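Summary of the model geometry
Listed below, chain by chain, are the residues.
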Amino acid sequence: MESQEFLNTLIIKQAEKLIKNKSYLAAIIILTIGIEVMGGFFDKKPLKSPKQSKARFNIAINKLFGGKYSAINGNDTLYEMLRNQLIHSLTISNKIQISFEKEHLKDFDGAIIFNPIIFFDDVNKAYIKLTAMLEQKKAYSKRISDNVIELAQFI
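Re the overall build of the chain
When its secondary structure is counted, the chain shows seven helices and three strands. Ordering the α and β elements of the chain from the N terminus gives α-α-α-α-α-β-β-β-α-α. Overall size of the chain, expressed as C-alpha extent along the three principal axes, is 45 × 35 × 25 Å. When the 155 residues of the chain are sorted by exposure, 49% land in the buried category. Across the chain, contacts joining residues at least 24 apart in sequence account for 56% of those joining residues at least 6 apart. Counting only carbon and sulfur atoms, one obtains 53% of the accessible surface of the chain, whose full area is about 8,600 Å². In the chain, which carries 22 positive and 16 negative side-chain charges, the distance between the mean positions of the two groups comes to 4 Å.

Here is the structure:
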């Protein structure tokens, strides 16, 4: 499986299906992991390399998202309050609030608003940007194990 197909299948298509089924928490989890995975395409190490999560999450935020995401993540804020808490304990910081009504990435009463649908759109844009960077050799393609094809049938 090619790098772009891997990213599209395991992150974008899976999150899109979850959102269509209104499984928003599961979609946010996949998208958050997806940020870290996309960051892995900026180093020469295998995707499964240990102790790379913070560096990979941060490089993806800075190179693929920029703007408000980079500003909010300045002191590893998104990494710590979203990625770490969500992935390790299925909780999020009280400094992050999930909402469909309030403006995405705005501060509201001391919490950063996260709209799952806009977050999906932003991760999809980052995926498109990464795909272009892979084609331009500004990012590194990765060897993707053949068993990933088997995982795809469960999405």
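Digging into the environment of G74
Residue position: G74 is located in the loop between helix 4 (67-72) and helix 5 (77-89). By relative accessible area, G74 is classed as exposed at 55%. Once the C-alpha coordinates of G74 and N147 are considered, the two residues, 73 residues apart in sequence, prove to be 36 Å apart.

Here we look at helix 5
For helix 5, built from 13 residues, the straight-helix expectation of 18 Å at 1.5 Å per residue is met to within 8% by its first-to-last C-alpha distance of 17 Å. By the largest-angle criterion, R83 marks the main kink of helix 5, which is about 30°. Within helix 5, the full set of buried residues consists of L78, Y79, M81, L82, R83, N84 and L86. Its buried side turned inward, helix 5 meets helix 2 (24-39), helix 3 (53-65), helix 4, strand 1 (96-98), strand 3 (111-114) and helix 6 (116-135).

Considering the sheet that holds strand 3
Taking strand neighbours across the sheet as the criterion, the three strands line up as 1-3-2 in an open arrangement whose pairing is mixed. Both outer strands of the open sheet, strand 1 and strand 2 (107-108), are each paired with one neighbouring strand and no more. Two elements, strand 2 and strand 3, share two bridges in a ladder whose sense is antiparallel. The residue of strand 3 that forms the bridge with D107 is I112. Sitting on the sheet, helix 5 is in contact with strand 1 and strand 3, with an inclination near 60° to strand 3.

A closer look at the pairing of strand 3
Of the two faces of strand 3, the one carrying A111 and I113 and the one carrying I112 and F114 are both buried. Alignment of strand 1 against strand 3, held across three bridges, turns out to be parallel. From the neighbouring strand, Q97 faces strand 3, where its bridge partner is I113. The turn linking strand 2 back onto strand 3 is made up of two residues, and D109 within it adopts a positive phi angle of 55°.

Some words on the packing of aromatic side chains
On inspection of all chains with the given rule, the structure shows four aromatic pairs. Relative to Y79, the ring of F57 lies with its centre 5.7 Å away and its plane at 65°, an arrangement referred to as edge-to-face. Taken as a pair, F57 in helix 3 and Y79 in helix 5 lie far apart in primary sequence, 22 residues in all. A relative accessible area of 0% places F57 in the buried class. Overall, Y79 belongs to the buried group, its relative accessible area being 6%. With 4.9 Å between their ring centres and 75° between their planes, F114 and F119 make a pair best called edge-to-face. Residue F114 is classed as buried on the basis of its relative accessible area of 1%.

What counts as what
Residues numbered from 1 in each chain as written. Predicted model: local features only at pLDDT ≥ 70, side-chain atom pairs only at ≥ 80, totals over all residues. Heavy atoms only, no water. Helix = DSSP H or I, 4+ residues; strand = E, 2+ residues; numbered from the N terminus. Buried < 20%, exposed > 50% of the residue type's maximum accessible area, 1.4 Å probe, protein only. Contact = heavy atoms within 4.5 Å. Areas by Shrake-Rupley, 256 points an atom, 1.4 Å probe, with all protein chains shown as cover. Lys, Arg positive; Asp, Glu negative; His and termini not counted. Charge placed at Lys NZ, Arg CZ, Asp CG, Glu CD. Expected span 1.5 Å × (residues − 1). Bend = angle between axes of the 7 residues up to and from the residue. Pairing = 2+ DSSP bridges. Axes fitted to C-alpha atoms, helices over the stretch in contact; angles between N-to-C directions. Phe/Tyr/Trp six-rings, centres within 6.5 Å; stacked < 30°, edge-to-face > 60°.

Everything listed here is a matter of geometry and, on its own, says nothing about what the molecule does.
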